[in-house]
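# An overview of the molecular structure
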Amino acid sequence: MSISKLSKTDFKEFVDGLLSSGKMVMGVQAHGERFAFDVLKSAGDLRLDYDVTILPPKKYVLPQVETLLTYTLPEQYKSQYQEGEMILLGVHPYDMAAINQMDILFSQDQYDTHYMLRRKKMTIIACDVATPSKNVFAASMGTATVHEGYDILLTDIGDAYVIEAATDKGRSLVQGAAGLANASAQDEAARQAVWDKNKIELNKHPLKCKPSDIPALLDKAYNHPVWDEKARTCFACGSCNTTCPTCYCFDVQDDVSWDRTAGKRYRAWDGCLLENFATVAGNHNFRKARADRFRHRLYRKGKYVPAKIGGRIACVGCGRCITACIPDIANPVAIYNRLVEDLGVAPKK
Amino acid sequence: MCDCCSVEKEKDIYLPEPASINACRMLNGTEMYMHIGLDSGKPLGHAPGQFVEVSVAGIGEAPLTVASSPTQSGFELVVRNVGRVSGAMHGMTAGHKLGIRGPFGSIYPVDEMKGRDLVFICGGIGLVPQRAFINYVLDNRSDYGEVVILQGTKCYADRLFCDEVAEWCARDDVQLLETIDLPDKQWDGNVGVVTTLIPKIGVDLKKAGVLVCGPPIMYKFVLMSLMEQQVPMDHVFLNLERRMKCGVGKCGHCQINGLYVCQSGPVYRYSDLAGVPEAI
């Protein structure tokens with residue numbers, strides 16, 4: 001790990017240098033009053049002061065639609081892999097925490113070569129949050145800062161970025177950047193101050209228990225009335241799924257040419273809130289009730305996925321589901337806090 | 001994570017293996033039987049209870065539990081014409097190509113049950129996955145105790161593997177009890193749902209291994225009946241069908257509470273499903 005710093009002017013030069021060298025950079029940019037990751041064409045478009053992106057950078061790690069294989073009929077299949085390297089620029093700590101979880105899920109048990117190869121070809125430049133979004137609660141989930149997974153971590157300390165190159169990939173990217181200087185003790189203290197501040201301020205919806213209390217809390221909550229109460233106004237639109245950085249369920253579909261000589265098989269994002277998520281051929285739906293699907297999502301975040309990834313809670317507190325949910329029922333903190341109140345987990349000290 | 005590799009050495013878990021249909025025929029009005037071999041000539045390598053993802057290029061994939069015992073050559077599937085993939089399979093004949101991924105999932109307790117009496121409770125097409133274990137047992141007959149097979153079918157015309165069922169019935173080392181829910185004049189046997197056969201089982205149910213497979217509605221009633229007979233929960237094994245889309249524990253569709261059926265199922269010990277309310 002090497003810690004250095006670049007003035008904001010030099011950083012802009014550094015980013016323009018990346019772009020002119022032909023690297024594919026996905027950077028956070030303004031779209032009206034909101035922000036999104038998109039192909040970066042100029043360093044001037046980059047907005048590392050953003051609050052939150054509409055969709056998480058998951059869309060590059062696990063694309064909305066991804067061709068897994070192509071075929072010619074009859075039954076000649078060929079694996080397809082995404083070519084080219086990519087730099088993600090401006091990944092917030094909570095989104096980095098989500099990608100770290102997905103890295104475990106796609107490599108454990110049955111190794112997913114499509115996901116993992118793309119990840120290996122990816123360089124992630126994370127950045128600490130400079131502007132808290134209106135619904136962020138990362139501080140409650142322990143993801144206001146992150147210390148693993150990225151190649152480079154940027155922290156805005158006013159007139160400069162503190163730059164932590166954590167991997168060989170990260171070091172080779174920043175080395176030789178014009179104006180790169182070693183970070184002083186004062187710079188590192190300024191970075192620590194940003195972390196300390198974010199651990200307090202990224203908390204618009206304070207959770208009334210420790211994240212690690214959630215699995216045990218849910219053990220007692222399966223038949224709690226909150227699921228029915230909340231789901232009563234659920235549209236089953238799946239917005240909470242699609243905007244979630246940790247949701248990774250997908251559907252697999254075929255797309256065949258008009259003359260049925262060739263085609264491709266692709267996976268596409270799916271959502272467990274959608275009505276037919278668990279419907280089998282013959283039209284039997286194993287999770288027909290909206291309240292059951294609503295509960296399933298919260299249990300995946302707080303119990304089922306944590307059991308697969310060493311106890312990490314699969315909600316990173318980005319707050320996107322809260323913003324996206326039209327009837328305003330998706331807020332996980334509101335649900336977990338209600339359960340804490342009704343079922344009594346020891347309150348946070 | 002490795003920073004330097006650009007070539008993936010691990011195999012692609014989504015890539016089907018080419019296979020060919022050796023023979024196929026209709027078993028009744030809706031179920032088609034297929035005998036399949038991998039084009040590589042290798043055995044499928046499955047154990048009773050496991051499933052494969054059958055791929056039809058241009059249509060998609062569907063999970064099907066293997067209907068045959070690994071003691072036989074090639075493997076057999078039985079598919080009901082209910083969806084897009086199964087509909088396409090129903091248009092196929094011997095010589096047609098398919099893609100196969102798998103085998104996937106958990107297996108029947110073939111070793112644990114050695115020396116024990118076995119009771120197979122099958123509803124309708126639930127006979128198909130059970131047949132893999134039944135034939136495995138019959139091919140290794142001396143390893144197991146008494147064998148009882150209960151088969152419930154909705155109507156006479158839906159009966160499956162009629163010749164094979166008749167052969168099992170004729171054996172003196174198998175007790176086969178069959179019932180029809182909605183009988184017509186071709187049927188003069190037991191009438192009613194499969195649970196009506198449970199009191200007629202000729203072995204000590206409390207000591208036997210009980211294997212259950214059928215439509216979703218059946219499990220609840222069979223389990224109620226077995227619990228009334230005080231069958232220990234850890235002697236009961238359920239074969240649970242779900243929407244297994246990827247087959248490899250990633251896509252999330254088959255989950256029952258925290259369990260991925262494609263990985264920890266489809267065969268479950270009933271006692272392992274305590275606290276898994278979505279299972280039944």
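Residues numbered from 1 in each chain as written. Chains lettered and ligands numbered in written order. Predicted model: local features only at pLDDT ≥ 70, side-chain atom pairs only at ≥ 80, totals over all residues. Heavy atoms only, no water.

### Considering the layout of surface pockets
- Its volume calculated, the second largest pocket comes out at about 340 Å³.
- If you trace the second largest pocket, you find 19 residues lining it, with His284 and Phe286 of chain A together with Arg242, Glu278 and Ile280 of chain B closest to the centre.
- Of all elements in the fold, only α11 (290-308) of chain A together with α4 (216-228) of chain B reach the threshold of two or more residues within the lining of the second largest pocket.
- Partitioning the lining of the second largest pocket into residue classes produces 9 nonpolar, 2 polar and 8 charged. (1 Å grid on protein atoms, 1.4 Å probe; cavity = no way out; pocket = protein on both sides within 12 Å on 5 of 7 lines; lining within 4 Å. Points joined across faces, edges and corners; volume = space filled by probe spheres on them. Helix = DSSP H or I, 4+ residues; strand = E, 2+ residues; numbered from the N terminus. Nonpolar A, V, L, I, M, F, W, Y, C, P; charged D, E, K, R; others polar.)

### Topic: the sheet that holds strand β3 (residues 51-56) of chain B
All names here are of chain B.
- Judged by pairing direction, the sheet is antiparallel, and its 6 strands sit side by side in the order β4-β3-β6-β1-β2-β5 without closing on themselves. This sheet does not close on itself; its edge strands, each paired only once, are β4 (60-65) and β5 (75-80). Averaged over all pairs of adjacent strands, the angle between strand axes in this sheet comes to 40°, irrespective of strand direction.
- In this sheet, β5 lies alongside strand β2 (residues 31-38) in antiparallel orientation, the contact comprising 6 bridges. (Pairing = 2+ DSSP bridges. Axes fitted to C-alpha atoms, helices over the stretch in contact; angles between N-to-C directions.)

### Section: the environment of cysteine 234 of chain A
- Position of cysteine 234 of chain A among the secondary structure elements: in the loop between α9 (226-231) and α10 (239-242).
- Excluding residues that lie within four positions of it along the chain, cysteine 234 of chain A makes contacts with Leu273, Arg290 and Ile329 of chain A. (Contact = heavy atoms within 4.5 Å.)

### Digging into a nonpolar patch on the surface
- A cluster of nonpolar residues, Ile217, Phe221 and Met224 of chain B, forms a patch on the protein surface that exposes about 310 Å² of accessible area.
- Inspection of the secondary structure puts methionine 224 of chain B in helix α4. (Patch = residues over 30% accessible without salt bridge, like charges linked within 9 Å, V, L, I, M, F, W, Y side chains within 5 Å. Areas by Shrake-Rupley, 256 points an atom, 1.4 Å probe, with all protein chains shown as cover. Salt bridge = Lys/Arg side-chain N within 4 Å of Asp/Glu carboxyl O.)

### Regarding the interface of chain B and chain A
- Counting from both sides, the interface comprises 47 residues of chain B and, opposite them, 56 residues of chain A.
- Remark: the boundary between chain B and chain A carries 4 salt bridges.
- For the salt bridge of glutamate 278 of chain B with arginine 287 of chain A, the shortest nitrogen-to-oxygen distance reads 2.7 Å.
- Our count for the chain B to chain A interface comes out at 32 residue pairs in polar contact (both at pLDDT 80 or more).
- Where the side of chain B that touches chain A is concerned, the elements lending two or more residues are β3, β4 and β6 (97-104) of chain B. (Polar contact = N/O pair within 3.5 Å; in protein donor to acceptor, adjacent residues only side chain to side chain.)

### A short note on the domain arrangement of chain B
Residue and element names in this part refer to chain B.
- Domains assigned within chain B are domain 1 (9-104) and domain 2 (118-279).
- Taking only C-alpha atoms, the centre of domain 1 and the centre of domain 2 are 22 Å apart.
- Contacts between the two partners involve 26 residues from domain 1, matched on the other side by 26 residues from domain 2.
- At the boundary of domain 1 with domain 2, the tally comes to 1 salt bridge.
- Of the charged contacts in the structure, one is a salt bridge between arginine 131 and glutamate 76, with a shortest N-O distance of 2.7 Å. (Domains from an automatic or database assignment.)

### A few points about the confidence of the model for chain B
All names here are of chain B.
- On average, residues of chain B score 94 in pLDDT, and 97% of them are at 70 or above.
- This model gives residues 1-6 a pLDDT under 50, and the stretch forms 12 contacts once residues within four places in sequence are excluded.
- Model confidence for the complex: the whole-complex pTM is 0.94, and ipTM, which rates the interface, is 0.92. (pLDDT = per-residue confidence, 0-100.)

### Here's the deal with the nonpolar core
- Of all hydrophobic cores here, the largest spans 132 residues; its most connected members are Phe11 and Leu154 of chain A together with Phe120, Ile121, Phe133, Val212 and Leu226 of chain B.
- With 7 residues, the top contributor of residues to this core is helix α2 (residues 127-139) of chain B.
- Dropping the residues within four chain positions of it, leucine 226 of chain B is found in contact with Ile121, Ile198, Leu205, Val210, Val212, Val231 and Val236 of chain B.
- Counting 36 residues, the second largest nonpolar core, distinct from the first, contains Leu217, Tyr222, Ala231 and Cys240 of chain A. (Core = buried A, V, L, I, M, F, W, Y, C linked by side-chain atoms within 4.5 Å. Buried < 20%, exposed > 50% of the residue type's maximum accessible area, 1.4 Å probe, protein only.)

### Concerning the sheet that holds strand β4 (residues 65-72) of chain A
Residues and elements named next belong to chain A.
- The 4 strands lie next to each other as β5-β4-β12-β11, forming an open sheet whose pairing is antiparallel. Each having just a single partner strand, β5 (76-79) and β11 (250-256) make up the two edges of the open sheet. Going from strand to strand, the sheet's axes swing by 25° on average, the running direction of each strand aside.
- Contacts between helix α4 (residues 113-120) and the sheet are confined to β4 and β12 (262-269), with β4 contributing the most and set at about 120° to the helix.

### As for the environment of histidine 35 of chain B
Residues and elements named next belong to chain B.
- Along the polypeptide, histidine 35 turns up in strand β2.
- Accessibility expressed as a relative area gives 16% for histidine 35, which makes it buried.
- Taking the C-alpha atoms as reference, histidine 35 lies 35 Å from valine 276; in sequence the two are 241 residues apart.
- Those residues in contact with histidine 35 that sit more than four places away from it in its chain are Ser20, Ile21, Asn22, Ala23, Ser73, Gly74, Phe75 and Glu76.

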